[in-house]
Structures are given as structure tokens and as C-alpha cells.
Amino acid sequence: MFAASLVQPGISTLEISREVEKSIIDHKAQPLFKGVMGEIPFPEAACISINDEIIHGIPSDRKLSEGDIVSIDIGVKYNGWCADAAQTLPVGKISGLSASLLETTEEALRFAIKALEHETHWSKVVGEMERRIDHAGFSTVEEFVGHGIGHELWEEPEIPGARERWLRDFELVPGLVIAIEPMVTTGSGDMIMKPDTWTECTRDGEPAAHFEHTIAITESGPLVLTAGLHQTGWAL
């Protein structure tokens, strides 16, 4: 991810978002998050969430510090098709607990992608994915889900990351394109929204991680569309 190369102590999340937006536009694509409607329209091209912020962090003048973990979530539309991806990154040297959190969350996504090769229903994937997170001593954030994706950013089906959040099982068939995005915390997984009406944080102040890829299920197996032609990047 281009944004990952920008992460270092002293840079602001707004600087990262503005560079991301410039890169998207330079590649003749459209940033999908900017202007998404809520109580206020989302103001920037990237969602950037630090430490206890789980998702939808609004970029600002806040600067990254050594020891932080930062999640960068980006949605793009190119030639009429959408893609969505997220990665949580260390800022300099981080604690052992934070490193384990990042490793566990990334591994959950890696497992899910690999499981698409042989599982026929999402219920089988999510059950084992959550079991692995529980075994590591962490909690899955249940309130948010992944999603189908195509000409629009959010399409059916909804992709729960936890069994307790089960909505409706679906078959994993060729032609389906989905965004899988486990969100994991060292605490309880309960959330609270900041007054900005966008940023979702852990209620107990514990750190959270978020990894996401857009994946097409093909006749020959899963193809990670947000990993590029050479299938490189996180969780691969």
C-alpha cells in the first residue's frame, strides 16, 4: 500500500490522507470515502484510525507517535469498479501486545482468503476465523461487517466477522466479489462513537486492528484484487 510508506512518527493523519487522495487522482481513479453521507459528510479520502480507534477515523492534524498503531482504510473506484482495503501498521517500535494483535488480525484475514479455496459457505469460514482470534486471547468487533462489492462500494451480501453477528449465510461461488475485514481488539470489543459522529473506538480504550482485502472468487480460486497483479501485500 502506498500509504504504508508514509507512516512514521511526526506525520499527521491529514498529511497521509491528502497524499493518498493525490495518488488516487493521479491514477485516474476516484476516492470513494470522501463525501459519504452521515450526520456530516466524511471529509477525507482515507479513514485513518489510531490505537483504540477501530474504524472511520477522520484524518486531522494529529501526529503519529512512536509506539502507535494506525489503521488506514481506503476505497477506490476505477473504470466503474470499486475496491476497498485496509491495513493496520506499527509506528516505529510497538509493544509486544500490539504486535501480537496485528499478527492475529492479519492472520485471520490470511486464513479467510485461503479458506475460500475449499469452503462452500461463509459460515464455515467465519466460525474458524473467530475461533483463532479467541484462541489468541483477543476479541472480534461484532458491530461492523464486510460486504459485497462491485459497481458500488457496499453491495450484498453482508460479511460478518463473528458468529454472534450472524446475519444470513451465503454460498461462496465463482463470480462473487467480497470485502473481508476482520476487526480485532485486545479488550472486550464493545464500542463507543466519538463526538465527530464517525470515529468508532473501543469502549475500554484498548487498541484495535483492522485488515481488509477485496477478493474475487473465480473458477480457479480466490483472487485478491487489492493485491495487484503479483498478489503481494499484507495477509498473503
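Above this note sits the structure.
Small disclaimer: the values here were computed from a predicted structure and weren't measured. (Residues numbered from 1 in each chain as written. Predicted model: local features only at pLDDT ≥ 70, side-chain atom pairs only at ≥ 80, totals over all residues. Heavy atoms only, no water.)

Looking at this structure, I do not really get the nonpolar core. What am I missing?
Counting 33 residues, the largest nonpolar core has L109, L116, W122, V125, M129, L172 and I180 as its most contacted members. Put simply, the parts of the chain that give this core at least two residues each are α2 (96–115), α3 (122–135), β9 (177–180) and β14 (213–218). Take this core: its biggest share by element is eight residues, from α2. Every residue in contact with V125, bar those within four places of it in the chain, is listed here: F111, A112, A115, E119 and L172. Counting residues in each nonpolar core, the second largest holds 17 residues, with L6, I11, I24 and I74 among its members. (Core = buried A, V, L, I, M, F, W, Y, C linked by side-chain atoms within 4.5 Å. Buried < 20%, exposed > 50% of the residue type's maximum accessible area, 1.4 Å probe, protein only. Helix = DSSP H or I, 4+ residues; strand = E, 2+ residues; numbered from the N terminus. Contact = heavy atoms within 4.5 Å.)

What's the story with the sheet that holds strand β3 (residues 53–55) in this structure? I'm lost.
Strands belonging to one sheet form pairs held by backbone hydrogen bonds; the direction of such a pair is parallel or antiparallel. Overall, antiparallel pairing links the three strands, which are arranged β3-β12-β11 in an open sheet. The strands lining the two open edges of the sheet, one partner per strand, are β3 and β11 (191–193). When the angles between neighbouring strand axes are averaged without regard to direction, this sheet yields 45°. (Pairing = 2+ DSSP bridges. Axes fitted to C-alpha atoms, helices over the stretch in contact; angles between N-to-C directions.)

It is not clear to me how the environment of I94 should be interpreted in this structure. Could you clarify?
Inspection of the secondary structure puts I94 in the loop between β5 (81–90) and α2. Between the C-alpha atoms of I94 and G67, which are 27 residues apart in sequence, the distance is 4.3 Å. When sequence neighbours within four positions are dropped, the list of residues in contact with I94 reads G67, D68, I69, A99 and L102.

It is not clear to me how the packing of aromatic side chains should be interpreted in this structure. Could you clarify?
For any pair of aromatic rings, the description consists of the separation of the ring centres together with the inter-plane angle of the planes. The final tally for this structure, using the stated rule, is two aromatic pairs. Ring centres of F42 and W198 lie 5.2 Å apart, and the angle between their planes is 85°; on these two criteria the pair is classed as edge-to-face. In this pair, F42 is assigned in the loop between β1 (30–31) and β2 (46–50) and W198 in the loop between β11 and β12 (200–202), connecting sequence segments 156 residues apart. Of the two residues examined, F42 and W198, each falls in the buried class. Considering the side-chain rings of W122 and F170, the 6.3 Å spacing of their centres and the 5° angle between planes classify their relative orientation as stacked. Here W122, found in helix α3, pairs with F170, found in the loop between β8 (155–160) and β9; they are 48 residues apart in sequence, far enough to count as distant. (Phe/Tyr/Trp six-rings, centres within 6.5 Å; stacked < 30°, edge-to-face > 60°.)

What exactly am I supposed to notice about the sheet that holds strand β13 (residues 208–210) here?
Judged by pairing direction, the sheet is antiparallel, and its three strands sit side by side in the order β6-β10-β13 without closing on themselves. Every other strand in the sheet has two partners, leaving β6 (139–140) and β13 as the edge strands with one partner each. In terms of strand pairing, strand β10 (residues 183–185) meets β13 through three bridges, oriented antiparallel. Opposite V184, over in β13, you have A209 as the bridge partner. Each of β10 and β13 touches α2; the most contacted strand, β13, lies at about 30° to it.

Which parts of the structure should I look at to understand the pairing of strand β7 (residues 145–148)?
Looking along a regular strand, one sees the side chains alternate between the two faces of the sheet. In this sheet, β8 lies alongside β7 in antiparallel orientation, the contact comprising four bridges. Bridge assignment links H147 to a residue of β8, and that residue is E158. Hairpin connection, β7 to β8: the antiparallel pair is bridged by six residues. Relative to β9, β7 runs antiparallel, the two sharing two bridges. By the bridge assignment for β9, G148 is matched with I178.

It is not clear to me how α2 should be interpreted in this structure. Could you clarify?
Helical geometry: 3.6 residues make up each α-helical turn, so side chains three or four residues apart lie on a common side. Over its 20 residues, α2 extends 28 Å from the first C-alpha to the last, a length consistent with the 28 Å expected when each residue adds 1.5 Å. Restricting attention to buried positions, one finds in α2 the residues S98, L101, L102, T104, T105, A108, L109, F111, A112, I113 and A115. (Expected span 1.5 Å × (residues − 1).)

Help me out: how do you make sense of the pairing of β9 in this one?
For β9 and β14, the ladder comprises four bridges, and the chain directions are antiparallel. Of the residues in β14, the one forming a bridge with I180 is H213.

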